[in-house]
Amino acid sequence: MRIHTVTAGLLALGLAIAGGQTTARGTDKTAEVLNGARKAIGDKKLDGLKSLSVNATLQRNVGNMQINSDVELLIELPDKYARSETTTGPVSGSNTTGFNGDKPLTRANSPMVGGGGGMIIRMGPGGGAFTGNGSDAKPTPEEQEKMNAAMLRSSRQELSRLMLGWFAMTHPSIKAEYSYAGEAESPDGKAYVIDAKNADGFAARLFIDQQTQLPLMLTYQGPQPRMITMGGPGGAAGGRQGAPAGGQGRAMTPPTEEERKKMREDMQKQMADMEKEPPKMIEYTIYFDDWREEDGVKFPHTMRRASGGTTNEEWTITKVKVNPKIDAKKFAIES
């Protein structure tokens, strides 16, 4: 059952929700489906998974821009995760998110939008939350604590969604409970449906191909991304353009203090306007395809993320290493 032919049928939810089952039967079916998937993915090799590194190229659509990134994902069980992304194109920069134990991991070189002097901060899930040059204000200790808790929760949930699609299990920090939801049917075949959730609000639905026993896709509800634009084409708040040495291209000069103040005011106004209304909740879907064996573990080499039915990320996996030795500096928390 190939993903591009089965998806429409699954998303149309030809879903026969399991009803009238006793708890014991539901538990037995849940274990049967998940154990079958894990066996198909890697069996005992998967049981011995201690660390993982994944390299990928990523194309992301943000508004009317297409942004290209190189992404490195590093996992060291039970409590370390780092996602590093280097972006080129209309937006350039790098950022690292993740966690080390109960502390969030975040490092960034602020990206800038070229060719017009504007800057975009993307508010939403899935990475790409750009911060940067225009706000010098530091959060209070209480605000920082709340921010850290939110970043930690977000990284754990995002990693768990990926791990569900890769290995049919969430990250251990999530402490998810699984239940059998029924079957989804398309003209090409059927998929088992497993729900995963925890007491902290994590919830995702995993679709597993009955024929191959490999994950097909995962769905979850989340806030629709909202964007803050700082500056505009040629706007003062975005900095000033000038010709660099050699006369090629356009360079950005640092904003003045007056421009920084204007950028802060603009950002604060947009954020205040957003806070007046709760974000709209939409359905996100992550598709997993092109499964190949890597070090005895099958792994999807193509992933696609859609929100509200529109594809906005396409991943091509270029390298996978199972149980590599990872430099501890990759998980270092900056003071």
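Residues numbered from 1 in each chain as written. Predicted model: local features only at pLDDT ≥ 70, side-chain atom pairs only at ≥ 80, totals over all residues. Heavy atoms only, no water.

> Describe in detail the overall build of the protein, supporting the description with residues and values.
Helix and strand counts for the protein come out as 5 helices and 17 strands. Sorting the 335 residues of the protein into buried and exposed places 42% on the buried side. In the protein, the share of contacts with a sequence separation of at least 24, taken over all contacts with a separation of at least 6, comes to 58%. As presented, the protein carries roughly 17,200 Å² of accessible surface, and 50% of it is formed by carbon and sulfur atoms. (Helix = DSSP H or I, 4+ residues; strand = E, 2+ residues; numbered from the N terminus. Buried < 20%, exposed > 50% of the residue type's maximum accessible area, 1.4 Å probe, protein only. Contact = heavy atoms within 4.5 Å. Areas by Shrake-Rupley, 256 points an atom, 1.4 Å probe, with all protein chains shown as cover.)

> Quick rundown of the pattern of salt bridges? Include the residues and the values.
Pairing is possible between side chains of opposite charge, provided their charged atoms come close. Counted according to the given criterion, the structure contains 14 salt bridges. Salt-bridge contacts for Glu-85 lead to Arg-83; the nearest nitrogen and oxygen are separated by 2.8 Å. Where Glu-158 meets Arg-161, a salt bridge forms, and the shortest distance between an N and an O atom there is 3.1 Å. One end of the pair is Glu-158 and the other is Arg-161, both in helix H4 (residues 141–167) and 3 residues apart, which spans about a single turn. Here the two residues Glu-158 and Arg-161 agree in accessibility, since each one is buried. (Salt bridge = Lys/Arg side-chain N within 4 Å of Asp/Glu carboxyl O.)

> How would you explain the environment of Leu-216 if you had to name every residue and give the values?
Structurally, the position occupied by Leu-216 is in strand S11 (residues 215–223). On the accessibility criterion, Leu-216 (5% relative accessible area) is buried. In this structure the C-alpha to C-alpha distance between Leu-216 and Tyr-192, which are 24 residues apart in sequence, comes to 9.8 Å.

> I'd like a description of the nonpolar core, backed by residues and values.
Residues Leu-52, Trp-166 and Phe-167 are the most contacted members of the largest nonpolar core, which totals 49 residues. Once residues lying within four places of it in the same chain are set aside, the contact partners of Phe-167 are Arg-38, Ile-41, Leu-46, Leu-49, Leu-52, Val-297 and Phe-299. Ala-184, Ala-191, Leu-216 and Met-217 belong to the second largest nonpolar core, which has 9 residues in total. (Core = buried A, V, L, I, M, F, W, Y, C linked by side-chain atoms within 4.5 Å.)

> Residues and numbers for unusual backbone geometry, please.
Going from Leu-77 to Pro-78, the amide bond is cis rather than trans, its omega being 15°. Residues other than glycine seldom take positive phi values, yet Lys-175 does so here, at roughly 55°. Inspection of the secondary structure assignment puts Lys-175 in the loop between H4 and strand S8 (177–186). Given the relative accessible area of 70%, Lys-175 is considered exposed.

> If you had to explain the packing of aromatic side chains to someone new, which residues and values would you point to?
The tally for this structure, following the rule as stated, stands at 6 aromatic pairs. Feature note: the residues Trp-166, Phe-167 and Phe-299 constitute an aromatic cluster, connected by ring pairs. Above the ring of Tyr-178, the side-chain terminus of Arg-38 is found at 5.9 Å from the ring centroid. Lying across the ring of Tyr-287, Arg-304 places its NZ or CZ 4.1 Å from the centre. (Phe/Tyr/Trp six-rings, centres within 6.5 Å; stacked < 30°, edge-to-face > 60°. Lys NZ or Arg CZ within 6 Å of the ring centre and 35° of its normal.)

> Kindly report on the pairing of S8, identifying the contributing residues and their values.
Note that S8 and strand S9 (residues 189–197) share 9 bridges and pair antiparallel. Bridge pairing in S9 places Ala-184 opposite Ala-191. The antiparallel hairpin formed by S8 and S9 contains 2 residues in its connecting segment. (Pairing = 2+ DSSP bridges.)

> Could you give me a rundown of the environment of Pro-324, with the residues and numbers involved?
With respect to the helices, strands and loops of the structure, Pro-324 is situated in the segment after strand S17 (310–322). Looking at Pro-324, the relative accessible area reads 18%, which means it is buried. Placed 275 residues apart in sequence, Pro-324 and Leu-49 show a C-alpha to C-alpha distance of 10.0 Å. With sequence-adjacent residues up to four places away left out, Pro-324 is seen in contact with Ser-51, Leu-52 and Ser-53.

> Explain the environment of Lys-197 to me, using residue names and the numbers behind them.
With respect to the element layout, Lys-197 can be found in strand S9. Distance from Lys-197 to Ala-176, taken between C-alpha atoms, is 5.1 Å for residues 21 residues apart in sequence.

> So what about the pairing of strand S15 (residues 281–294)? Which residues, and what values?
Here S11 pairs with S15 via 7 bridges, running antiparallel. Note that in S15 the partner of Met-217 across the bridge is Tyr-287. The sheet contact formed by S15 and strand S16 (residues 297–307) spans 10 bridges and is antiparallel. Residue pairing for S16: Thr-285 is matched across the bridge by Ala-306. If you look at the hairpin formed by S15 and S16, you'll find 2 residues sitting between the two strands, and Asp-295 has a positive phi there, around 55°.

> Any details on the confidence of the model for the protein? Residues and values, ideally.
Of the residues in the protein, 75% have a pLDDT of 70 or more, and the chain-wide mean is 80. By mean pLDDT, strand S7 (residues 119–123) is the weakest element of the protein at 44, and strand S10 (residues 203–209) is the strongest at 98. Low pLDDT, under 50, characterises residues 11–24; the predicted model gives this stretch 24 contacts beyond four residues in sequence or across chains. In this model residues 232–250 is a low-confidence stretch, pLDDT under 50, and it forms 40 contacts with partners more than four residues away in sequence or in other chains. (pLDDT = per-residue confidence, 0-100.)

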